[in-house]
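# Coordinate inspection notes
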Amino acid sequence: MSDNKVSRQKPCHHCKSRSASAPPDTSTIHYEKFWLYRHCSSVQQRDRQAQKAGQLFSGLLAMNVVFLGSAFISSMIFNHVAITLADVWILLSILKVLCLCWIIYYLLGTSRQPHAVLYRDSHAAPIWVRGSVLLFGSFSILLNMFQIGYSVILIHCKSMVEIVFPSIEILFICTQAFFLWHHSKDCIQVQHNFTRCGLMLTIATNLLLWLLAVTNDTIHMEIESQLRNETTSCTCPNTTICKVFQKGYILFYPFNTEYCLICCSVLYVIWKNVGRRISHHHVPHIKPKFKLQGVVFGPLLGTTAVIIGICIFMIYQIQATGSAPNHQVFVMYYSYYIVLLPLMSVGAVIGTIIHALEKRELDTLKNPTRSLDVILLMGAALGQIGMSYFSIVAIVATDPRDLLNSLILSYSVLLIFQNITQNVFIIDGLHRQPFISPGKEEEMKEEQNREAYNQRRVSMLELGQEIRKVSLSYLHSYSHLSWKRRALREISFFLVLCNIILWVMPTFGAHPVFENGLEKSFYGYSTWFAIVNFGLPLGVFYRMHSVGGLLEVYITA
């Protein structure tokens, strides 16, 4: 009788529940001896093993491609006679063509198969990340257009590869940006191994493009030699259009490295989500929305910092880009940072202490996007921290008692401390459960009433009453927030605005670490160029990524 029961069991996904609900007299039966039980327990195990094997194989593919490209780029740097820049461009062009073929196949084939995308990760690639991909992708396209124009003007001393390579780059950027905008949340359920390999190949290609941008100073050296009035075989003619191409190339150069880093992070999340099945308890039922309520001092202080920063940035751009940069403009620039960075550090420390005093539970659900956010915050901070330590060594070894050197030394130390404290505050906030107020239903009813009210035509008197009602609602929500939530929101919003201005200034051309001449004369032009091009894009990426993390902390507070 018991054998008949076993033979009439349900399919394998019910095996465990059947065995758990069996009557007491069947407890002596060893179900692991039956094929159905072994099949039930081994399906998920084989699925996990296949997933790990696919991730391992695709990771090894990316590692070999990165090592091959790094060997080419290193050979170009140390033995530029045997391996030239054109050889590196040809290799990267082949990789980009392969990536383009895979992306087009994914768009037209894989993603359109039945049951290909059953789940979408709601946490992956928020709108600010996808917007950043489009923004930096557009600037990277402009960079390649300026490079093409510069090479066309100097076609008598430039090779055709210098025109073909940026043309392929433009096509690659456009296709990749379209793919990331529409499919960054996919949890693909078909062709797992092929999709993983395509994603890892694209990640490796972006990493090599970033590495080449960090180390390739060919056009920068040409422009530097022309500014020093040195005679070279390939000199830009004294025309306005050539100067425009030069200035545009230097202005948009950091955006290309930024674009490569962002694409790598988004592609990594897609790679982690291949074959992932999202259960219902992973889907948030209530998504907190961004509302500018309960904050007063944070926006005021942050707006003040932004306005002062914009004024200093404009003065710096006018004076420091001249032939002889003024010494006072560097003093003014570093003084602004020395005042702002301690305020940000104090705010982050206070926010971390408030997090420790709170009784909110930790969010322990598996979240690949949040794990990547933590890794990116820690990794991107290494750019500014590394540059700061290089500056500290250069200043201490030369003359730390000079006014400008003392300011740079203080700036470097404060920047390290600010990065560490802000990372602790953001990471601690990302792992907290979002606060859900008990009057959530009342707020939803008010929103529904407000939407219904907006649909009908209102008079000027009714409009004035509505503005008064909104103001009273704002004051009511501000007064009813607990002091911990209010402080967290004030601090988060203040840090958001501060990170925005600290992102704007280096992104749009304020690079005193390269233009003050101290570190450049200490380490040499090529060495400091590589250090700055490694650390500066990471620093810009860190500020932009910090804005997203701080907004998340603000919303969940």
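Presented here is a report on the structure given in the accompanying data block. Starting afresh in each chain, residues are numbered from 1 along the sequence in its written order. Reporting in this predicted model follows two pLDDT cut-offs: at least 70 for local features of residues, and 80 or more for side-chain atom pairs to be given and counted; totals over whole chains, interfaces and linings ignore these cut-offs and use all residues. Where side-chain values are given, they derive from all heavy atoms of the structure, hydrogens and water being excluded.

One turn of the α-helix equals 3.6 residues, which is why residues spaced by three or four share an orientation. Secondary structure is summarised from DSSP: a helix means a run of H or I of at least four residues, a strand means a run of E of at least two, and numbering begins at the N terminus for each. How far a helix is expected to stretch is found by multiplying one less than its residue total by 1.5 Å. Between its terminal C-alpha atoms helix H16 (residues 483-507) stretches 36 Å, which fits the 36 Å expected from 25 residues at 1.5 Å a residue. Relative accessibility thresholds used throughout: buried, under 20% of the residue-type maximum; exposed, over 50%; partly exposed, between the two (1.4 Å probe, protein chains only). In terms of burial, H16 is a largely internal element, 19 of the 25 residues being buried. In the segment just after H16, Gly-509 is the residue with positive phi, at about 115 degrees.

Once that is clear, we can look at the state of the cysteines. In a disulfide, the sulfur atoms of two cysteines are covalently bonded to one another. Disulfide assignment relies on a single distance test, namely cysteine sulfur atoms paired within 2.5 Å. All chains considered together, the criterion is met by zero disulfides. Unpaired in terms of disulfides, Cys-101 finds its nearest cysteine sulfur in Cys-99, a separation of 9.2 Å.

Residues enter a nonpolar core if they are buried and are Ala, Val, Leu, Ile, Met, Phe, Trp, Tyr or Cys, with the set joined through side-chain atoms within 4.5 Å. In terms of nonpolar packing, the biggest core is built from 139 residues, with Phe-179 and Phe-425 touching the most fellow members. Here this core gets 17 residues from one element, more than from any other, and that element is helix H9 (residues 240-272).

A few words on the pattern of salt bridges. Salt bridges are identified by distance alone: a Lys or Arg side-chain nitrogen within 4 Å of an Asp or Glu carboxyl oxygen. Tallied over the full model, the rule gives four salt bridges. With its nearest N and O atoms 2.6 Å apart, the salt bridge here joins Asp-186 to Arg-120. Note that Asp-186 is positioned in strand E2 (residues 186-188) and Arg-120 in strand E1 (residues 117-120), a separation of 66 residues in sequence. Residue classification places Asp-186 among the buried residues on the basis of a relative accessible area of 2%. The partly exposed category is assigned to Arg-120, whose relative accessible area is 45%. The salt bridge involving Arg-276 is made with Asp-121; its shortest N-O contact spans 3.2 Å. Here Arg-276, found in the loop between H9 and helix H10 (297-320), pairs with Asp-121, found in the loop between E1 and helix H5 (127-153); they are 155 residues apart in sequence, far enough to count as distant. Take Arg-276: its relative accessible area is 15%, and that puts it in the buried class.

On the surface, a nonpolar cluster with roughly 510 Å² of combined accessible area is contributed by Val-349, Ile-353, Leu-357, Phe-417 and Trp-483. Considering the arrangement of structural elements, one finds Ile-353 in helix H11 (residues 327-357). For Ile-353, a relative accessible area of 47% corresponds to the partly exposed category. Exposure above 30% relative accessible area and no salt bridge define the residues that can form patches, which grow by joining like charges within 9 Å and nonpolar side chains of Val, Leu, Ile, Met, Phe, Trp and Tyr within 5 Å. Every accessible area reported is derived by Shrake-Rupley at a probe size of 1.4 Å, with residue values counting cover from the shown protein chains alone.

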